[in-house]
Amino acid sequence: MFFPKAMSEIELIVPSKDLLKVMRILSGHGVFHQAEGAGTSLESQAGSAGDWQEKAATYAALERRVQGVMQALKIDEAPPPSTEFVDVAQIETVVPVLERIEGDVKQAVDQLAEERKRLEHLEGNRRQLEPVADVDLDMTALRGTHYLLSMLGTMPAENVSRLQTSLNRVPHLFLVLREDPRRPVVWLAGTHSNRDVLERAARSAYLETLSQPAEYVGTPREILGTLDVETAGLRQKISEQESLLVQIAISNRKEILRLAWETHAGRTLTEAIVRFGRLRHTYIMVGWVPTDELEALSARLREASKETLIETVPANRTGDKRNVPVALPTSAFLRPFQMLVTTYARPRYGELDPTWLIALTFPLLFGAMFGDVGHGLLLAALGALVSSRKLRALRSLASLGGLIAICGLVAAVFGFLYGSVFGYEDIFPALWMHPLQNILSILIIAVAAGVVLLTIGFLIGIFNAWVSRDWGHLFFGHNGIAGFLLYWSLLGLVGSLAGLIKLPPAVFGGLAVFAGLAVMLSELLIRLVDGERPLIEG
């Protein structure tokens, strides 16, 4: 409970003919952690490593293709099947199935993309024509001329006179088709020979030209009516294509998830085999297994391959064990809090597992700060709903559901202690006290709780350094004895000055100076204790 699981190093010498059988046992049991770099210094038989590398690359490519299909069909990832796989999926059987599904998906996706692009084009034309919808002007008259440059658009009202003034010496026609106090609709026309001058003047006056769809005829209102009809038809087609993709997803979901698992398993296994050492007809595997799982795993391995040689060495918790993987004990209650711990870092092998401390303090502190019966129960219900995975939009947060529910329940308990329901503190009497009426008491309790938690943190750091035989950090580290003495000497100094402690302030001041110097020079002192040279890095 208080430490990561005890681990044992296991070394396997497996005949080539039994390799996949052994791999099936190791992967199916789910407890083997391959040691990085183990066996890679051994020479591989010519061509064998290359074959497995090629297979690993092929499986990786297939896995990416399957993920692309899942993304297109909006199929969420699912846990692997509960039954063990019999063998590595054969590439020859995976490819035809994947190509068939990809073909159906690609055809539907391409058509859907084309229709959405067309819809976007129509909506763009509609937005361009809406400002001139009430202008009674045949748009055809503005197109198809070889000698006339025509610009229809909107511009700031204050720039109209400025544009007209700037074009006094240029032959042109300028009409305000619709008066508007902010952005009137205007039409500017002139010869192509003056194109540069007209366009430059239009840009300087901030004339935003409107598109004139060449495939439509009539007035803007008539064209808008045509666009509305076409847009409605396109939306219907898009809806049909989306329904088709949903049907493809429903009919192929199980098969796609099977392909996803098989390609992922194939890639993982082949990548692992690439890292194995090989001696002609045998493979050498080195890794770590939780000690309590070792006996069951060894029995299954001997049953699968009687010629496999197994050697195990338990890992001692003391000393420097940075290379030993960490397996934290799992339980339904602790699992949400393990996620909080591993978000920052995993404890090293042999160190105390802080999960139990987080499981006690995190909900307690949250409830103390957020104490309210109504809000707490709502939060607990939300956490239970998120954890159930019934809300598709919140499935990615399912792992947080348990944590949210526990914190909500603790907040509800503190709500009864505070007598608070949805922020109202006059519904029933507080079982303990009303925080707003006892602010000083709350502050004192918060400070005391902080002192206790920091002290526990220091003690855990000191214990971990002792277990790891890291003497430098044990004595002089910020989380070691020097940091602990500095913290408590400063607290004692404050208590002595306040008259709460009978010892004179000079005692605590001297300790604080001594511990502070040790912390300031911690890097130099740690290198001195550890025998590292030079003491000061340049």
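Residues numbered from 1 in each chain as written. Predicted model: local features only at pLDDT ≥ 70, side-chain atom pairs only at ≥ 80, totals over all residues. Heavy atoms only, no water.

The next point concerns the overall build of the protein. Along its length, the protein carries 16 helices and 9 strands. Taken over the C-alpha trace, the protein has a radius of gyration of 37 Å; the compact-globule value for 538 residues is 24 Å, which it surpasses by more than 25%. Along the longest, intermediate and shortest principal axes, the C-alpha atoms of the protein span 95 × 80 × 65 Å. When burial is assessed residue by residue, the protein has 39% of its 538 residues classed as buried. (Helix = DSSP H or I, 4+ residues; strand = E, 2+ residues; numbered from the N terminus. Rg over C-alpha atoms; globule rule 2.2 N^0.38 Å. Buried < 20%, exposed > 50% of the residue type's maximum accessible area, 1.4 Å probe, protein only.)

Glancing now at the environment of Asp-51. The topology assignment puts Asp-51 in helix α2 (residues 48–73). On the basis of relative accessibility, which here comes to 47%, the residue Asp-51 falls in the partly exposed class. As for Asp-51 and Leu-521, which are separated by 470 residues in sequence, their C-alpha atoms are 55 Å apart.

Membership of the largest hydrophobic core comes to 39 residues, with the highest contact counts inside it found for Leu-73 and Ile-256. Of all elements in the fold, only α2, α3 (91–129), β5 (185–191) and α6 (220–274) reach the threshold of two or more residues within this core. Element by element, the count of residues in this core is highest for α6, at 12 residues. Among residues more than four places away in sequence, those in contact with Ile-256 are Val-66, Val-69, Met-70, Leu-73, Ile-75 and Ile-101. The next biggest cluster of nonpolar side chains, apart from the first, holds 21 residues, and it includes Phe-32, Trp-52, Ala-272 and Leu-294. (Core = buried A, V, L, I, M, F, W, Y, C linked by side-chain atoms within 4.5 Å. Contact = heavy atoms within 4.5 Å.)

In this section: the packing of helix α8 (residues 335–344) against helix α11 (residues 398–418). At their nearest, the axes of α8 and α11 sit 8 Å apart, and the two run at 110 degrees to each other. It follows that α8 is roughly perpendicular to α11 by the angle criterion. Contacts from Pro-336, Phe-337, Met-339 and Leu-340 of α8 reach α11 at Ser-399, Leu-400, Gly-402, Leu-403 and Ile-406. (Axes fitted to C-alpha atoms, helices over the stretch in contact; angles between N-to-C directions. Parallel < 35°, antiparallel > 145°, perpendicular 65-115°, else oblique.)

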